[in-house]
Amino acid sequence: MFVLIKHNSGMNLPIRLALLFTSLLAQAVFAQKAPNEFLPHKLGEQFTPHHLLNGYFEQLASASPATMKLEKYGLTNEARPLQIAVFSSPENMAQLEEIRLNNLRLAGMTSGQPNLNNPTAIVWLSMSVHGNEASGAECSMELAFQLATQTDPKVKEWLKNTVVILDPSLNPDGYDRYTHWHRMASNLIQNSDPDAREHREPWPSGRVNHYYFDLNRDWAWATQIETQQRLMAYHRWLPHVHPDVHEQGINDPYYFAPAAEPMHELITPWQRDFQVEIGENNARHFDNNGWYYFTKEVFDLFYPSYGDTYPTFNGAIGMTYEQAGGPRGGRAVETDNGDTLTLKDRIAHHLTTSLSTIEVSSKSARPLVENFREYYRRTSTNPQAEYKAFIIRETNDPNKVRNLCQLLDQHKIRYGRVGAGLSGVKAFDYGSGQEISASINPNDLVISAYQPHSVMVQALFEPEAKLADSMTYDITAWSLIFAHGLDAYALKERLEPKKPYEPFRPQKDLSTATPYAWCIHRQSLAEAQFVGELMQQGVRIRTAREPFAMAEQQYAAGAFVISKADNRALHSSLDAMVTAAAERANVRLYPVFTGTSAKGKDLGSDAFHLLKRPRIALVYGEDVEENSYGHTWFFFERELGYPITPIPLDRLDKIDLSKYTSLVFPHGHYSLSEGNLGVLRQWIEKGGRLIAFEGGAKAFADQDGFELNTREALKKDTSMLRRPFLTRQRDGLSDGLPGAIVRGKVDNTHPLGYGFPGYYHSLKTQPDVYEMPENADTPIYLEEKYQSYGFIGSRLKPMLKKTPLVVVQKMGNGEAVLMVDNPLFRSFWQQGKALFANALLF
Ligand SMILES: [Zn+2]
């Protein structure tokens, strides 16, 4: 401003004064404010709501144009902004885009030769993915202030060769649920009694997002919009170091890397070693302060969908940091050793590990960058795991394949058509679980492991990951092939795609004549979305109880028929409604011009069963596990597109249940009263349909009138139910059970089995085992010899032989559908959704 005035020396005094005033004003508005200068409270004395957290970052960014950049990367379900802040030296900030592109070149994710002359480390810090572990988000403001002002000479030095990306709040909806509740429920005078209300967060917690998903289990499945939008930002950068900043129980010391066993076999020696280096630096700072910490325990690196494993499988040093606190911490809480743990302490500890991580990354920028490059060179040229190519057969339902490809796009995984046929190829066949000699067609889809993201390819597709130690927090098998129910092979030899893959769009029917009826195959969730939408519009739909043929097409039992005869009331609008719904759900319609079938019963036969439009209620409350409630809610609202009424479990006996045709009990830990059981039995007998899964089904086990009985041997030896695998919970909640995949036999003549091949791969996450019922159907069950993938305890495994996975019991005019496993677990088991839709709609 001064310079400007000098150059304009002809300017008169009032203008000069006005400019001076503007300049002073600008400095006052745009000064880099510390958190305590900006917030209405002192940092750590109160929780900061998300809009103020956000406001702080915005003011700091506008006051720090040379050292900080804010990038909005999306919005949450409740319309809160998602953003990252990028920090570096002014010199680096001036060429930030070149640094970013150079890094992608190191990974082979963009074209051109990378420049290795001035290696720049990229550190990405993720704060408070669990919203009620709020100290990470609180800490992010002070951290941002130090990174933006660079007044500390050490920080200034580190940022000369380091770019820091800071996501202050990965789960703003959950963060605000917690911080808002805490402000609302806490005493004016801080209360550190751990039994006080302000330390007892109610259901649903702020840990989870709007749909009660644990976003720290969602990185690989990317079912939630926070994850989907974050992955786009993440893959634009591909950081070298990624701490995921959490909190744990109030009596635990701080946890940081190195991680515990088991570590996934695809984690490289460098990734193991550098974690140790970071851990040693953190430990040095903690030693200097006299703070407790622990390493190498509890937090393993195996399941690929965490904020530590996902970055690890994408070439970074991915780590979990855990501070004591979480929702029980509040502003201050008394701990077992008689001390008081404060929010200020928690912020200070996270600030220390964050800065320490930046410090060690800066000091090792060259080896970090060189090893990152080497990681990607090796993944592209020498993939480590057993299988080198995964073949998705062209005979699969095209919507299932399309769905898989959309997920691969999220992870920047490349794929294409095989291009030329091959025969006599030695392959692992996922359907039978056997080695076979396979024929591969030109239009089969192939995903080669020879590509930059081959570690993700192998981690996501291999039938079974090698487990060095059964002590893990999470499911031990997750192959996308089983999850998506695909007919597929794994090859030990290299096979590259030769033709691009175009996503499936059904052929449009170009005939102008209005058909007599439409027939639709039942193949995946797409048809359930289609039928669900039409039912809401009052369209009458039938489902075939037996196979039939119309013209050239053969239909299996379960196919749908929509006819003019059933829908006279809709007159000429039927045609437009059906074609529009098919277009939206991406479903192929087969118009037919007669009711006479080429094979099997005619369309007018009662072998075509008229579907009833369900009115569905979903129970909620303390007994219902919040994740499972949320997964179910999300399924109805965002995947099936079908309305539900959530009703409180503790008022079942006061609600007129006759309004609903179906009641859903998600997983949970129920203790139903005799009164409520009686109400439910009566409602079922009058024609209601109960659909309950996992803990929801267990609520009815061994109860009068229900055909689900705990296996006798398990009653005698309940030690198996105690799950010895867990010494400590990953995050203090009981979500982290080991899980495995079992191959169930499907009875395709039963409506629940429609649309499936003769088998169903079920994801089992609870050790409950039941007897085969005497007076109920078991459309899916485990045979004497059943296949399984992942870890199942040696005593439990034989006990599962000849046990039901789904029990369907007639009760009066109604039915109880009891599913032993959770078909909607974390919303990534696509086959489970199709099964659940069968239970609901048809
Ligand atoms: Zn956490």
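From a predicted model like this one, the values you see are computed outputs, not experimental measurements.

S.K.: Looking at this structure, how should I read the coordination of the zinc ion?
M.R.: Ideal values differ by geometry: the angle at a metal is 109.5 degrees with four tetrahedral donors, but 90 or 180 degrees with six octahedral donors. Listed as protein donors to the zinc ion are H130 (ND1), E133 (OE), E133 (OE) and H246 (ND1); their distances from the metal cover 2.1 to 2.5 Å. For the zinc ion, the four donor atoms in the first shell make angles of 56 to 155° at the metal, a pattern classed as irregular. Spacing between the donor residues of the zinc ion along their common chain follows H-x2-E-x112-H. Classification of E133 as buried rests on a relative accessible area of 3%.

S.K.: For this particular structure, what's the right way to read the packing of aromatic side chains?
M.R.: The way to describe two aromatic rings as a pair is by their centre distance and the angle between their planes. Summed over the entire model, instances satisfying the criterion amount to 52 aromatic pairs. Each ring, one from W203 and one from Y620, has its centre 6.2 Å from the other, and the planes form 25°; the classification is stacked. With W203 in the loop between helix 9 (172-185) and helix 10 (225-237) and Y620 in strand 26 (residues 616-620), this pair connects stretches of sequence that are 417 residues apart. A residue is classified by how much of its surface remains accessible, and Y620, at 31% relative accessible area, is partly exposed. An aromatic cluster is built from W203, Y211, Y212, F213, Y620, Y629, W633 and F634, whose rings are joined through pairwise contacts.

S.K.: Help me understand helix 11 (residues 269-289) in this model?
M.R.: Each turn of an α-helix holds 3.6 residues, which means side chains three or four residues apart point in the same direction. Compared with an ideal rise of 1.5 Å per residue, which puts 21 residues at 30 Å, helix 11 spans 31 Å between its outermost C-alpha atoms and is within 8% of the ideal. Of all the residues in helix 11, the buried ones are Q271, F274, Q275, I278, G279, N281, N282, A283 and F286. Directly after helix 11, the chain includes G290, whose backbone phi takes a positive value near 70°.

S.K.: Which parts of the structure should I look at to understand the packing of helix 20 (residues 626-640) against helix 25 (residues 830-841)?
M.R.: In a pair of packed helices, the angle between the axes and the distance between the axes together describe the arrangement. Where helix 20 contacts helix 25, the axes come no closer than 12 Å and their chain directions differ by 90°. Considered as vectors, helix 20 and helix 25 are oriented roughly perpendicular to each other. Across the interface between the two elements, T632, F635, F636, E639 and L640 from helix 20 touch K833, F836, L840 and L841 from helix 25. A per-class count over the contact of helix 20 with helix 25 returns six nonpolar, one polar and two charged.

S.K.: Can you help me understand unusual backbone geometry in this one?
M.R.: Residue P204 is reached from W203 by a cis peptide bond, and omega for that bond is -10°. For P204, the position within the fold is in the loop between helix 9 and helix 10. With a phi close to 55°, Q150 is a non-glycine residue in the positive phi region. Note on Q150: relative accessible area 8%, which makes it buried. The backbone of A551 shows a phi angle near 50°, a positive value even though the residue is not glycine. Assignment of secondary structure puts A551 in the loop between strand 21 (548-550) and strand 22 (553-555).

S.K.: Please explain the sheet that holds strand 18 (residues 488-491) as it appears in this structure.
M.R.: Across a sheet, strands are paired by hydrogen bonds formed along the backbone, either parallel or antiparallel in direction. Judged by pairing direction, the sheet is antiparallel, and its six strands sit side by side in the order 14-17-13-18-15-16 without closing on themselves. What marks the edges here is a single partner per strand, and that holds for strand 14 (416-417) and strand 16 (434-440). Where strand 13 (residues 389-392) and strand 18 come together, four bridges link them in antiparallel fashion. The residue bridging F390 from the neighbouring strand is A490, located in strand 18. The strands touched by helix 15 (residues 398-410) within the sheet are strand 13 and strand 17 (445-448), with strand 17 carrying the most contacts at an inclination of about 25°.

S.K.: Hey, could you run me through the nonpolar core in this one?
M.R.: Generally speaking, a soluble globular protein has its nonpolar side chains buried in company with each other. Within the largest apolar cluster, 184 residues are counted, with the highest numbers of intra-cluster contacts made by F461, F530, F665 and F700. With 55 residues, the next largest nonpolar core counts A85, M141, L143 and A185 among its residues.

S.K.: What is the right way to look at the environment of F313 in this model?
M.R.: Here F313 lies in the loop between helix 12 (309-312) and strand 10 (317-324). Through-space distance from the C-alpha of F313 to that of I741 is 22 Å; in sequence the pair is 428 residues apart.

S.K.: It is not clear to me how the confidence of the model for the chain should be interpreted in this structure. Could you clarify?
M.R.: For residues with low pLDDT, the predicted coordinates do not support detailed interpretation. Per-residue pLDDT for the chain averages 92, and the proportion of residues at 70 or more is 93%. When the criterion is pLDDT under 50, residues 1-10 qualifies, and its contacts beyond four places in sequence or with other chains add up to five contacts. Note that residues 722-737 has pLDDT below 50 and, in this model, 53 contacts with residues that lie over four places away or in other chains.

S.K.: Help me out: how do you make sense of the sheet that holds strand 23 (residues 560-563) in this one?
M.R.: One open sheet holds the five strands; their spatial order is 24-19-23-20-25, and the pairing between them is antiparallel. For this open sheet the edge positions go to strand 24 (590-592) and strand 25 (608-610), each flanked by a neighbour on one side alone. Shown here is a sheet whose adjacent strand axes are inclined to one another by a mean of 30°, direction ignored. Sheet topology note: the strand 19 (residues 517-520)/strand 24 ladder contains three bridges and is antiparallel. Counterpart to C519 in the pairing with strand 24 is Y590. The sheet strands contacting helix 18 (residues 525-536) are strand 19 and strand 23, and the helix crosses strand 23 at an angle near 30°.

Thresholds applied
- Residues numbered from 1 in each chain as written.
- Predicted model: local features only at pLDDT ≥ 70, side-chain atom pairs only at ≥ 80, totals over all residues.
- Heavy atoms only, no water.
- Donors = N, O, S within 2.8 Å, 3.2 Å for Na, K, Ca; no water.
- Tetrahedral: all angles 85-135°; square planar, octahedral: opposite > 155°, others 65-115°.
- Buried < 20%, exposed > 50% of the residue type's maximum accessible area, 1.4 Å probe, protein only.
- Phe/Tyr/Trp six-rings, centres within 6.5 Å; stacked < 30°, edge-to-face > 60°.
- Helix = DSSP H or I, 4+ residues; strand = E, 2+ residues; numbered from the N terminus.
- Expected span 1.5 Å × (residues − 1).
- Axes fitted to C-alpha atoms, helices over the stretch in contact; angles between N-to-C directions.
- Parallel < 35°, antiparallel > 145°, perpendicular 65-115°, else oblique.
- Contact = heavy atoms within 4.5 Å.
- Nonpolar A, V, L, I, M, F, W, Y, C, P; charged D, E, K, R; others polar.
- Pairing = 2+ DSSP bridges.
- Core = buried A, V, L, I, M, F, W, Y, C linked by side-chain atoms within 4.5 Å.
- pLDDT = per-residue confidence, 0-100.

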